[in-house]
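Structural overview
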Amino acid sequence: MDTHEEYTKLIKERYEHLAPESYEQQGYYYCALYAPYQYETEEAMLAYIKQNPTATLKEVFDYFGEITPPGLAPGDDGADLLED
């Protein structure tokens, strides 16, 4: 199992049931599920959730914010933002 499969499997197992609780929880869940792949931080996120098996969904979301640099996603040069 590669990192992406293992990470998404763990996130779904631990937190998928929380997504329907509220709009806020749903946002935390989808961010934790999809954003680390897009920002190339899945390895660090996987290590975090393995080391912190009782972390709340909010804590996982907050950790992603701590390790993800602000600005554009990796490989995005922002050219689409300059179009009129």
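Residues numbered from 1 in each chain as written. Predicted model: local features only at pLDDT ≥ 70, side-chain atom pairs only at ≥ 80, totals over all residues. Heavy atoms only, no water.

Quick look at the overall build of the chain
Rules: A helix here means a DSSP run of H or I that spans at least four residues, while a strand means a run of E at least two residues long, and both kinds are numbered starting from the N terminus. Only protein chains enter the accessibility calculation, which uses a 1.4 Å probe; a residue whose area is less than 20% of its type maximum is buried, one above 50% is exposed, and one in between is partly exposed. Residues are treated as being in contact if the distance between any of their heavy atoms lies within 4.5 Å. Accessible areas in this description were obtained via Shrake-Rupley with a 1.4 Å probe; residue shielding takes into account the shown protein chains only.
Looking only at helices and strands, one finds five helices and zero strands in the chain. Secondary structure elements in the chain, listed N-terminal to C-terminal, are α-α-α-α-α. In terms of overall dimensions, the chain has C-alpha extents of about 45 × 30 × 20 Å along its principal axes. In the chain, which comprises 84 residues, the proportion classed as buried is 33%. Once local pairs closer than 6 in sequence are excluded, the contacts in the chain between residues at least 24 apart make up 65%. When the accessible surface of the chain is split by element, carbon and sulfur atoms take 50% of a total near 5,700 Å².

Digging into helix α2 (residues 23–38)
What counts here: One less than the residue count of a helix, multiplied by 1.5 Å, gives the span that helix is expected to have. The bend reported for a residue corresponds to the angle between axes fitted to the seven residues ending at that residue and the seven starting there.
Taking 1.5 Å as the rise per residue, α2 with 16 residues should run 22 Å; its terminal C-alpha atoms sit 22 Å apart, in good agreement. The axis of α2 is deflected most strongly, by about 35°, at Ala32, and proline Pro36 appears within four residues downstream. Buried residues of α2: Gln25, Tyr28, Tyr29, Cys31, Ala32, Leu33, Ala35 and Pro36, and no others. Next to the buried residues of α2 lie α1 (3–15), α3 (42–51) and α4 (57–67). Phi for Glu40, located one or two positions after α2, is positive at around 60°.

Details of the pattern of salt bridges
Test applied: Any carboxyl oxygen of Asp or Glu within 4 Å of a side-chain nitrogen of Lys or Arg constitutes a salt bridge here.
For the structure on display, the rule yields three salt bridges. Put simply, Lys50 and Glu6 hold a salt bridge, and the shortest N to O gap is 2.7 Å. Separated by 44 residues along the polypeptide, Lys50 in helix α3 and Glu6 in helix α1 bring together distant segments of the chain. For Glu13, the salt bridge identified is with Lys9, shortest N-O distance 3.2 Å.

Describing a negative patch on the surface
Applied cut-off: Within the patch definition used here, like charges are joined within 9 Å and nonpolar side chains (Val, Leu, Ile, Met, Phe, Trp, Tyr) within 5 Å, considering only residues with over 30% relative accessible area and no salt bridge. Note on charges: Lys and Arg go in the positive column, Asp and Glu in the negative column, and His and the chain ends are not counted at all. We put the charge of a Lys on NZ, of an Arg on CZ, of an Asp on CG and of a Glu on CD.
A surface patch of negative charge is lined by Asp76, Asp77, Asp80 and Glu83. On the basis of relative accessible area, Asp76 is assigned to the partly exposed category, the value being 34%.

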